[in-house]
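An overview of the molecular structure
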Amino acid sequence: MIPYKIVRSNRKTVTICIVGGEVAVKAPLRTSLKHIKSFVEQKSAWIQKKLAEYSRKTDILEQALNGESILYNGRFFKIERTDSVKRIALGDGALLLPIKYGLDGSSERAIAAWYKRVAAKELPVALAKISAETGLGYKSFATTNARTKWGSCDGNCNVRLNWRLVMLAEPFVRYVIVHELAHTVHHDHSAAFWAVVKKHMPDYADVKKRLKTFSVLTSLYR
């Protein structure tokens, strides 16, 4: 039997979602346990498929997920605890972490803060550059800590990018930015929207597909 947790709310239907390798069943308040169990059994093949996909992703990114290394610009940098620096710094093939950060969670918080500083510096530059290249303008920019999304663009053309984007290689960053900028023209995922994306990134389909491998990274440093 597949282990799962039940999340009840004032909703009308039962659905299943998988986040961080855990299965959650979202169900209406009055739905019986028997019905939920039957629903999970009916969807077991789909659940197993999604769990297998998650397992493959975690195998590829194990170094980053287990805290041994960080991923930055698509490269792995081993985390090296040292007393040679007072502040986190990127060295030659390693992220130098001051020895003062212990194993009580302070190390993760310090690394997350480092990522956010880098993202606050690099992402607006990348966004402005691609905006200028494509002619797709936007109103404002901010980084986010979204759980499942790499980026978003609201109806007022305010672009938000997940700070974890700096973990990824340039093609993925470009795709996310082009995707969100295309939403300043089309606030949907219509054929016209994808035509705009393709115009400014002809190989977007392949990059979009490969980006799915890195979706597990949005659960890091929370």
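Our subject in this report is the structure included herewith. All values derive from a computational prediction rather than experimental measurement. (Residues numbered from 1 in each chain as written. Predicted model: local features only at pLDDT ≥ 70, side-chain atom pairs only at ≥ 80, totals over all residues. Heavy atoms only, no water.)

All right, on to the overall build of the protein then. Assigned secondary structure in the protein consists of 7 helices and 10 strands. In terms of overall dimensions, the protein has a C-alpha envelope of 60 × 50 × 30 Å along the principal axes. Looking at the protein as a whole, 39% of its 222 residues are labelled buried. Residue pairs in contact within the protein that sit at least 24 positions apart in sequence constitute 46% of those at least 6 positions apart. About 12,600 Å² of surface is accessible on the protein, with carbon and sulfur atoms providing 52% of the total. Across the protein, the mean location of the 37 positive side-chain charges is 8 Å away from that of the 19 negative side-chain charges. (Helix = DSSP H or I, 4+ residues; strand = E, 2+ residues; numbered from the N terminus. Buried < 20%, exposed > 50% of the residue type's maximum accessible area, 1.4 Å probe, protein only. Contact = heavy atoms within 4.5 Å. Areas by Shrake-Rupley, 256 points an atom, 1.4 Å probe, with all protein chains shown as cover. Lys, Arg positive; Asp, Glu negative; His and termini not counted. Charge placed at Lys NZ, Arg CZ, Asp CG, Glu CD.)

Looking at the element boundaries, Ala-64 is found in helix H3 (residues 62–65). Note: C-alpha distance between Ala-64 and Ala-94 (30 residues apart in sequence) is 13 Å. Ala-64 has contacts with Ser-69, Leu-71, Phe-76 and Leu-220, leaving out every residue within four places of it along the chain.

Right, let's talk about the state of the cysteines for a bit. According to the stated counting rule, one finds 0 disulfides in the structure shown. Not part of a disulfide, Cys-153 finds its nearest cysteine sulfur in Cys-157, a span of 5.2 Å. Judged by its relative accessible area of 15%, Cys-153 is buried. (Disulfide = S-S within 2.5 Å.)

Backbone hydrogen bonds are what pair the strands of a sheet, in a parallel or an antiparallel way. Taken together, 3 strands build an open sheet; the order of strands is E8-E10-E9 and the sheet is mixed. In this open sheet, the two strands that pair with only one neighbour each are strand E8 (140–144) and strand E9 (151–153). Averaged over all pairs of adjacent strands, the angle between strand axes in this sheet comes to 15 degrees, irrespective of strand direction. Across 5 bridges, the pairing between E8 and strand E10 (residues 158–162) is parallel. The residue bridging Ser-140 from the neighbouring strand is Asn-158, located in E10. The sheet contacts of helix H5 (residues 170–182) involve E9 and E10, and relative to E10 the element is tilted by about 155 degrees. (Pairing = 2+ DSSP bridges. Axes fitted to C-alpha atoms, helices over the stretch in contact; angles between N-to-C directions.)

Before going further, it helps to examine the nonpolar core. Residues Ile-70 and Leu-168 are the most contacted members of the largest nonpolar core, which totals 51 residues. Elements with a contribution of two residues or more to this core: strand E4 (69–72), strand E5 (75–82), strand E7 (94–98), helix H4 (106–134), E10, H5, helix H6 (191–200) and helix H7 (204–211). With 10 residues, H4 is the single largest residue contributor to this core. Non-local contacts of Leu-168, meaning those with residues more than four positions away in its chain, are made with Asn-73, Gly-74, Trp-150, Val-173, Leu-211, Phe-214 and Leu-217. Ala-27, Ile-36, Val-40 and Ile-47 belong to the second-largest nonpolar core, a separate cluster that totals 10 residues. (Core = buried A, V, L, I, M, F, W, Y, C linked by side-chain atoms within 4.5 Å.)

Turning to the pairing of E4, a few remarks are in order. Alternating residues of E4 divide into Ser-69 and Leu-71 and Ile-70 and Tyr-72, and every residue in both groups is buried. The sheet contact formed by E4 and E5 spans 4 bridges and is antiparallel. Counterpart to Ser-69 in the pairing with E5 is Lys-78. Hairpin geometry of E4 and E5 is characterised by an intervening segment of 2 residues between the two adjacent antiparallel strands and by a positive phi of about 55 degrees at Asn-73.

Looking now at the side chain of Thr-218. Mapped onto the fold, Thr-218 is located in the segment after H7. Take Thr-218: its relative accessible area is 5%, and that puts it in the buried class. In terms of polar contacts, Thr-218 uses its side chain to reach the backbone carbonyl oxygen of Arg-147, at 2.7 Å. (Polar contact = N/O pair within 3.5 Å; in protein donor to acceptor, adjacent residues only side chain to side chain.)

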